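Now for the letters of each chain:
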Amino acid sequence: MTFQNTLEFAKELDASDALAHYRNEFHYPQVNGKDVIYFTGNSLGLQPKRTQKFVDEVMKDWRELAVEGHFYADKPWWDYHERLAEGLGKVVGAKPEEISVMNTLTVNLHLLMVSFYRPTEKRFKIICEEKAFPSDQYMLQSQVRFHGLDPKDAIVEVKKRDGEHAWRTEDIIQKINEVGDELALVLMGGVNYYNGQVLDMKAITKAGKDVGAFVGWDLAHGVGNIKLRLHEWDADFAAWCSYKYMNSGPGNASGIFIHERHLGKEGIPRFEGWWGAKKETRFLMKPEFDPIETADAWQLSNPPILSIAPYLASLEIFDEVGMDALIKKQKTIVAFLEFVLYEIDKEVDSTFEIITPAARGCQLSVFLHGEGKSIFDYLMKKGVITDWREPNVIRLAPAPLYCSYGDMYRFGQILKAGIQDK
């Protein structure tokens, strides 16, 4: 498609956008009496309007049924989380039995490490990307120390080449093969939070499996953003938060994937709690743990219904739209944003450098050479909600469910004015 940096062209794109009406499904913050231009769905998605109904339903059941809501609510609480499995399976490319919803992201990664990081005297190393999201770094370091190992010896970071902003798949695979028989686990962010790069999860997973390691993925920035085929790629496990592209609300419940080959497996190391026990025997209060033969066996406590209800509301939208349609718009709107940035770059003294490679989802990370944080402050005051990372990077994530092509054009004009008027 040949783009034009005009409002008329942006309006034409919006008029032909099959998902444009979903914009009306979300609440927008207001700045200066106008809806904001929202680029931070990679941190916290906007609230779907239908969320209120789902939460109100739980509150009504709690008010009117109290404890009986576990079994007699319209959506009984005792199996509430199961309603997400099929829809999430479509989003991440998994079978429903491979999915569970529980806890929060780093908690779930710690729990999954119990099952999938089993260091031995020979095989004890973990491969991750350099400068992984800090919570992942802390989690890995503490897990390694828990096993009596030194993170400096056990954690191997794959670095980017000098002068480059993205990882090369061949470098990651080379590092996996180099560590070889010492490698216990590959655990990386499938979509990097800083530069927006989508790693070749299929190739990396195969390489890790080929040397006998477990392979898991932190998909905080991947779920609801890119096409995933976790079952087909043969990943052992994955975990993600739900409040970014999945729009479930601040700090809400995490999802996990565990490949079916690990399900119903007797003797697998795992921290256990009563909600992971079979429903048929759970309330017999037996002293022996009788695990569900699905990913729900990794659950500990009864699920937080008020946290899961917004997730179910948002997932209903994803089920209506489908990931293929979502990604089709994503590719176009991100390409249009990239075009707008380069067009504005021609009209200002500053230089924009997009450090996000072609393998990407919604996010573009942009070096604003010649600009300081004052341009970020200007954008925020003008109702452009974006994210600033030192030294001079802004992260722009136009989520296709609620961002418009008109937003992309207007952002370009605001950015230009902010640079020219300083």
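Residues numbered from 1 in each chain as written. Predicted model: local features only at pLDDT ≥ 70, side-chain atom pairs only at ≥ 80, totals over all residues. Heavy atoms only, no water.

The name that an unreviewed UniProt entry assigns to the chain is Kynureninase, with the source organism given as Flagellimonas halotolerans. Under the heading Function (unreviewed entry), UniProt records this for the chain: "Catalyzes the cleavage of L-kynurenine (L-Kyn) and L-3-hydroxykynurenine (L-3OHKyn) into anthranilic acid (AA) and 3-hydroxyanthranilic acid (3-OHAA), respectively." Recorded under Cofactor (unreviewed entry), the UniProt text for the chain is reproduced unchanged: "pyridoxal 5'-phosphate". (UniProt positions renumbered as here; feature names shortened; annotations may be inferred.)

A. How the structure looks around the UniProt feature "modified residue: N6-(pyridoxal phosphate)lysine" (unreviewed entry) in the chain. The feature "modified residue: N6-(pyridoxal phosphate)lysine" (unreviewed entry), as annotated in UniProt, sits at Lys244 in this numbering. Following the sequence through the fold, lysine 244 ends up in the loop between strand 9 (237-240) and strand 10 (254-258). Of the residues examined, lysine 244 reaches a relative accessible area of 10% and is grouped as buried. Those residues in contact with lysine 244 that lie beyond four places of it in its chain are Gly41, Asn42, Ser43, Leu44, Gly45, Ala220 and His221. (Helix = DSSP H or I, 4+ residues; strand = E, 2+ residues; numbered from the N terminus. Buried < 20%, exposed > 50% of the residue type's maximum accessible area, 1.4 Å probe, protein only. Contact = heavy atoms within 4.5 Å.)

B. Here's a closer look at the pairing of strand 12 (residues 364-369). Counted residue by residue, strand 12 has five buried out of six residues, so it is predominantly covered. Summarising the sheet, strand 11 (residues 351-354) and strand 12 pair through four bridges and their orientation is antiparallel. Counterpart to threonine 351 in the pairing with strand 12 is histidine 369. (Pairing = 2+ DSSP bridges.)

C. Main features of the UniProt feature "binding site: pyridoxal 5'-phosphate" (unreviewed entry) in the chain. Taken from the UniProt record, the annotation "binding site: pyridoxal 5'-phosphate" (unreviewed entry) applies to Leu105, Thr106, Phe133, Pro134, Ser135, Asp136, Asp218, His221, Tyr243, Trp274 and Asn302. Annotated residues spanning 198 residues; largest pairwise C-alpha distance 31.6 Å, indicating distribution over more than one region. Of the annotated set, the members that line the second largest cavity are Asp136. Within the secondary structure layout, leucine 105 lies in helix 5 (residues 105-116). Look at leucine 105 and you get buried, because its relative accessible area is 12%. (1 Å grid on protein atoms, 1.4 Å probe; cavity = no way out; pocket = protein on both sides within 12 Å on 5 of 7 lines; lining within 4 Å.)

D. Focus on the sheet that holds strand 10. The seven strands lie next to each other as 4-10-9-8-7-5-6, forming an open sheet whose pairing is mixed. Two strands bound the open sheet, and with one partner strand each, they are strand 4 (99-102) and strand 6 (155-158). Averaged over neighbouring strand pairs, the angle between their axes works out to 20° when direction is ignored. Pairing of strand 5 (residues 125-129) with strand 7 (residues 183-189), which is carried by three bridges, proceeds in the parallel orientation. From the neighbouring strand, isoleucine 127 faces strand 7, where its bridge partner is valine 186. Of the strands in this sheet, strand 4, strand 5, strand 7, strand 8 (214-218), strand 9 and strand 10 are in contact with helix 5, which crosses strand 9 at around 170°. (Axes fitted to C-alpha atoms, helices over the stretch in contact; angles between N-to-C directions.)

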